Amino acid sequence: MEIKRTKIVDIFNPELIGTDVCVKGWVRTRRGNKQVQFIALNDGSTIKNVQIVVDPAKIDENLLKDITTGACIGATGKLVESQGAGQSVEIQGENIVLYGTCPNDYPMQKKGQSFEYMRKHAHMRLRTNTFGAVFRIRHNMAMAVHRYFSDHGFFYFHSPIITASDCEGAGEMFQVTTKNLYKLEKDDQGSIKYDDDFFGKMTSLTVSGQLEGELGATALGAIYTFGPTFRAENSNTPRHLAEFWMIEPEVAFLELNGLMDLEEDFIK
């Protein structure tokens, strides 16, 4: 009978010790000798790896050669208390299935990588512990934002990403158009004609959900926007981002002191 997959985050449950388990994920490292091989496996459910101990005599030699850093595998075996340091449990590997190999030039090897190096391989940097931690923190912060406002009677309000408003001149905007930029028609004053554009006027990526949020507050009483906003200011400093997610509560009948109390309580 096929063993149902167990996420690695659940493998560390002491109640599973002594049972047969199946894990699937991507190889972080493989080391060992002719007598024993150790595979560190991660499936993204936790930042921690699970160690799979393999007897090379029980696994096809060519299969073991293909289990390199970055390869995708499934492994079944008995979960036991670990004899080595660094992990509480490990899997005595009995069977391994190779789902996908990985070339030797896989960019995210065991050695540490600098941020500059990871930017050159942005499609793979999520697999590093640093970015894995960042996105786990970001997930929990986003969930906390939604929980806070929902618990305090706010409605989640979706403001448009494409807009014709500059929101009180909040910043330079990225233009959005369906027009052929190589064949731009202009009027007598030299201005671009947008009659045949998708929205019939000049539109851009939003710099803020505030204006639509204010409308929402006059209908629903208390709303918050939480979504992507864009600024086209070409200032390459840590304080300037082309894209970022902004939290904007809008509340009807709220005076300054009440607003400051809301801000303080939310941040805390």
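Scroll up to find the structure this text is about.
We now turn to the structure provided with this report. (Residues numbered from 1 in each chain as written. Predicted model: local features only at pLDDT ≥ 70, side-chain atom pairs only at ≥ 80, totals over all residues. Heavy atoms only, no water.)

### Brief notes about the overall build of the protein
- In terms of regular secondary structure, the protein is built from six helices and 11 strands.
- The C-alpha radius of gyration of the protein comes to 27 Å, more than 25% above the 18 Å expected for a compact globule of 268 residues.
- For the C-alpha atoms alone, the extent of the protein along its principal axes is close to 80 × 50 × 40 Å.
- Within the protein, buried positions represent 33% of all 268 residues.
- Nonlocal contacts in the protein, meaning residues at least 24 apart in sequence, comprise 56% of its contacts between residues at least 6 apart. (Helix = DSSP H or I, 4+ residues; strand = E, 2+ residues; numbered from the N terminus. Rg over C-alpha atoms; globule rule 2.2 N^0.38 Å. Buried < 20%, exposed > 50% of the residue type's maximum accessible area, 1.4 Å probe, protein only. Contact = heavy atoms within 4.5 Å.)

### Focus: the pattern of salt bridges
- This model, assessed by the stated rule, comprises six salt bridges.
- The salt bridge involving K58 is made with E94; its shortest N-O contact spans 3.8 Å. Of this pair, K58 sits in the loop between β3 (50-54) and α2 (61-66) while E94 sits in strand β5 (residues 89-100), and the two are 36 residues apart along the sequence.
- A salt bridge links E264 to K268, with the nearest nitrogen and oxygen atoms 3.1 Å apart.
- Owing to a relative accessible area of 45%, E264 belongs among the partly exposed residues under this scheme.
- A relative accessible area of 76% places K268 in the exposed class. (Salt bridge = Lys/Arg side-chain N within 4 Å of Asp/Glu carboxyl O.)

### Side note on the side chain of Q113
- Counting through the fold element by element, Q113 comes out in the loop between β5 and α3 (115-119).
- Polar side-chain contacts of Q113 include one of 2.9 Å to the backbone oxygen of Q109.
- Contact partners of Q113, with chain neighbours within four places excluded, come to P107, M108, M118 and T128. (Polar contact = N/O pair within 3.5 Å; in protein donor to acceptor, adjacent residues only side chain to side chain.)

### Thoughts on a nonpolar patch on the surface
- Residues I161, I162, F198 and F199 make up a contiguous nonpolar surface patch of roughly 410 Å² in combined accessible area.
- Positionally, F198 belongs in the loop between β8 (175-176) and β9 (203-205).
- Using a relative accessible area of 64% as the deciding quantity, one classes F198 as exposed. (Patch = residues over 30% accessible without salt bridge, like charges linked within 9 Å, V, L, I, M, F, W, Y side chains within 5 Å. Areas by Shrake-Rupley, 256 points an atom, 1.4 Å probe, with all protein chains shown as cover.)

### Concerning the sheet that holds strand β7 (residues 162-163)
- Across the sheet, three strands lie side by side as β7-β9-β8; this open sheet has antiparallel pairing. On the outer flanks of this sheet lie β7 and β8, each paired with one strand and no other.
- Bridge analysis of β8 against β9 gives two bridges, and the strand direction is antiparallel. If you follow V176 over to β9, its bridge partner there is T203. (Pairing = 2+ DSSP bridges.)

### Thoughts on unusual backbone geometry
- For F253, which is not a glycine, the phi torsion comes out positive at approximately 60°.
- Note on placement: F253 falls in the loop between β11 (243-251) and α6 (256-267).
- In this structure F253 comes out as exposed when scored by relative accessible area, which is 85%.

### So, the packing of aromatic side chains
- All told, the structure shown has nine aromatic pairs when counted by the stated rule.
- Summarising the aromatic geometry, the rings of Y148 and F266 are spaced 5.3 Å apart at their centres and angled 70° between planes, so their arrangement reads as edge-to-face. Within this pair, whereas Y148 is found in helix α4 (residues 129-151), its partner F266 is found in helix α6, the two being separated by 118 residues in sequence.
- A relative accessible area of 24% places F266 in the partly exposed class.
- A ring pair is formed by Y156 and Y224, whose centres lie 5.2 Å apart and whose planes are at 20°; its orientation type is stacked. Separated by 68 residues along the polypeptide, Y156 in strand β6 (residues 155-156) and Y224 in strand β10 (residues 222-230) bring together distant segments of the chain.
- Grouped by ring-pair contacts, the aromatic residues Y148, F149, F154, Y156, Y224 and F266 constitute a single cluster.
- In this arrangement the basic side chain of K48 is found over the ring face of F12, its NZ or CZ atom lying 4.1 Å from the centre. (Phe/Tyr/Trp six-rings, centres within 6.5 Å; stacked < 30°, edge-to-face > 60°. Lys NZ or Arg CZ within 6 Å of the ring centre and 35° of its normal.)

### Let's talk about the sheet that holds β10
- Reading across the sheet, the three strands line up as β6-β10-β11 and stay open at both edges, with mixed pairing between neighbours. The sheet is open, and its two edges are formed by β6 and β11, each paired on a single side.
- In terms of strand pairing, β10 meets β11 through nine bridges, oriented antiparallel. Bridged to I223 within β11 is E250.
- Contacting β6, β10 and β11, α4 runs over the sheet at an angle of about 155° to β10. (Axes fitted to C-alpha atoms, helices over the stretch in contact; angles between N-to-C directions.)

### Quick look at the state of the cysteines
- For the structure shown, the criterion picks out zero disulfides.
- For the unlinked cysteine C102, the closest cysteine sulfur is that of C72, found at 10.0 Å.
- On the basis of relative accessible area, C102 is assigned to the buried category, the value being 15%. (Disulfide = S-S within 2.5 Å.)

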